[in-house]
Amino acid sequence: MDTSNLASETNGASEDVDHEAEEDDEIQMSSQEVLESLQRAWINEKFAPDLLPYEESLVEMVMIQLVHMEENLASTNKNDLLYIVHRMEVERIRFIVASYLRCRLQKIETYASHILDTDSARPSDAKRLSDAEHKFAVDFHESVENHFYQLVVRHMPQNHQDDERIRRVVPNVDGHVFARARKNIGEYSLAGGEHSLNIKSGSVHLFKYRDIEPLIVDGLLELI
């Protein structure tokens, strides 16, 4: 709205402007929360030995935000300090998204057979692969198996050619990770019920990943 027009607005109109400004602040806060959630998903994915559920809604919301930010930058003077700061922020967000997706693809390439098998056993609402990731995993696994067959398997004795599970690479879920509690969890059983620990909000612990994976998936713990 033009500044000269703002001076001639009534008090009611001024209140509307203030209300719109408050809504913009709320939207900005919400956008910041979305970005923080995606950043947390990225860190969790980096430190988790196994593949975590794909945060599709978070990625989509952040990509929509990036489009709006790019549109705003297009109309900003490139010599303006504000443009430089916002451009750096856009690149930072793009890096987080790309790193998150790249980390997942690296796990899929390393544990393709294991991930496909475990994901197929999960109910439809608990799948960890996106549709695109599932297609990539299937194609990648078939390509590797075909290549391995041509180079090695067909030269092996017949009774060993079908032992795909023997050569399968699986993540080490018995490894230890550092995790911080995002909420008060209370008494939590570890090592199949042999031990228990009172987990309080903000506390940091060293856990065996297998013991706390459900808490990571539910967002009660975050890896650090």
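Anyway, here's the lowdown on the structure attached to this text.

### Topic: empty space enclosed by the protein
For step 1, the next point in the chain: What the rule picks out here adds up to one cavity of 30 Å³ or more.
For step 2, the next point in the chain: What the largest cavity holds in volume is close to 40 Å³.
For step 3, the next point in the chain: Along its surface, the largest cavity is lined by D50, L51, H114, I115, T118, D119, R122 and R128.
For step 4, the next point in the chain: Residue classes in the lining of the largest cavity are distributed as two nonpolar, two polar and four charged.

### Digging into the pattern of salt bridges
In a structure, side chains of opposite charge can pair up when their charged atoms sit close to one another.
For step 1, the next point in the chain: With the rule as written, the count across this model stands at 13 salt bridges.
For step 2, the next point in the chain: Across the pair E45 and R104 runs a salt bridge, and its minimum N-O distance is 2.9 Å. Here E45 is found in helix α2 (residues 11–47), whereas its partner R104 is found in helix α4 (residues 81–110), with 59 residues between them in sequence. Residues E45 and R104 agree in their burial class; the two are buried.
For step 3, the next point in the chain: For R128, the salt bridge is made with E213, and the minimal N-O distance between the two is 3.0 Å. Taken together, the residues span a long stretch of sequence, with R128 in the loop between α5 (112–120) and α6 (131–151) and E213 in helix α7 (residues 209–217) at a distance of 85 residues. Across the pair, exposure class does not vary: R128 and E213 are buried alike.

### Considering α6
For step 1, the next point in the chain: For α6, with 21 residues, the first-to-last C-alpha span of 30 Å sits near the 30 Å given by 1.5 Å per residue.
For step 2, the next point in the chain: Those residues of α6 that fall on the buried side of the exposure criterion are E133, A137 and H141. The arc that holds every buried residue of α6, seen down its axis, measures 65 degrees, which confines them to one face. Those residues of α6 that are exposed and angled more than 90 degrees off the buried face are D131, A132, K135, N146 and H147.
For step 3, the next point in the chain: Where the residues of α6 are buried, they touch α4 and α5.

### A word on the packing of α5 against α6
For step 1, the next point in the chain: Axis separation between α5 and α6 bottoms out at 9 Å; the angle between their running directions is 130 degrees. Between α5 and α6, the crossing angle belongs to the class labelled oblique. Here α5 and α6 pass one another in a crossing that is left-handed. In contact with A112, S113 and L116 of α5, α6 contributes H134, A137, V138, F140 and H141.
For step 2, the next point in the chain: Tallied by class, the residues present in the contact of α5 with α6 amount to five nonpolar, three polar and no charged.

### Thoughts on the packing of helix α3 (residues 56–74) against α4
For step 1, the next point in the chain: It is the contact of α3 with α4, at a shortest axis distance of 11 Å, that shows an interaxial angle of 155 degrees. Overall, the two elements α3 and α4 adopt an arrangement that is roughly antiparallel. The handedness of the crossing between α3 and α4 is left-handed. The residues of α4 that touch α3, namely those facing V59, V62, M63, L66, M69, E70 and L73, are Y83, H86, R87, E89, V90, I93, R94, V97 and Y100.
For step 2, the next point in the chain: A breakdown of the residues in the contact of α3 with α4 according to their chemical character gives 11 nonpolar, one polar and four charged.

Conventions adopted
Here the residue index of a chain counts from 1 through its sequence in written order. Side-chain atom pairs in this predicted model are given and counted only at pLDDT of 80 or more, local residue features only at pLDDT of at least 70, and totals for whole chains, interfaces and linings cover all residues. In computing side-chain properties, one takes all heavy atoms of the structure into account and sets aside hydrogens as well as water. Here a cavity is any set of points on a 1 Å grid over the protein atoms alone where a 1.4 Å probe fits but cannot get out, and a pocket is any open set with protein on both sides within 12 Å along at least 5 of 7 lines; a residue lines the site when it has an atom within 4 Å of a point. Grid points are joined across faces, edges and corners, and a volume is the space filled by probe spheres set on the points. Residues are sorted three ways: Asp, Glu, Lys and Arg are charged, Ala, Val, Leu, Ile, Met, Phe, Trp, Tyr, Cys and Pro are nonpolar, and all the rest, Gly among them, are polar. A pairing counts as a salt bridge when a side-chain nitrogen of Lys or Arg comes within 4 Å of a carboxyl oxygen of Asp or Glu. Helical segments are the DSSP runs of H or I of at least four residues, strand segments are the runs of E of at least two, and each set is numbered from the N terminus. Working definition: with a 1.4 Å probe on protein chains only, accessible area under 20% of the residue-type maximum means buried, over 50% means exposed, and in between means partly exposed. Expected helix span is computed as 1.5 Å times (number of residues minus one). The directions from the helix axis to the C-beta atoms form the arc being described. Whether two residues are in contact is decided by their heavy atoms, any of which lying within 4.5 Å being enough. Only the contacting stretch of a helix is used when fitting its axis, a line to C-alpha atoms as for every element, and angles between N-to-C directions run 0 to 180 degrees. The scheme is simple: roughly parallel for angles under 35 degrees, roughly antiparallel for over 145, roughly perpendicular for 65 to 115, oblique for anything else. Left-handed describes a crossing whose near helix is turned anticlockwise from the far helix through less than a right angle; right-handed describes the clockwise counterpart.

Read these as layout, nothing more, since geometry by itself doesn't imply function.
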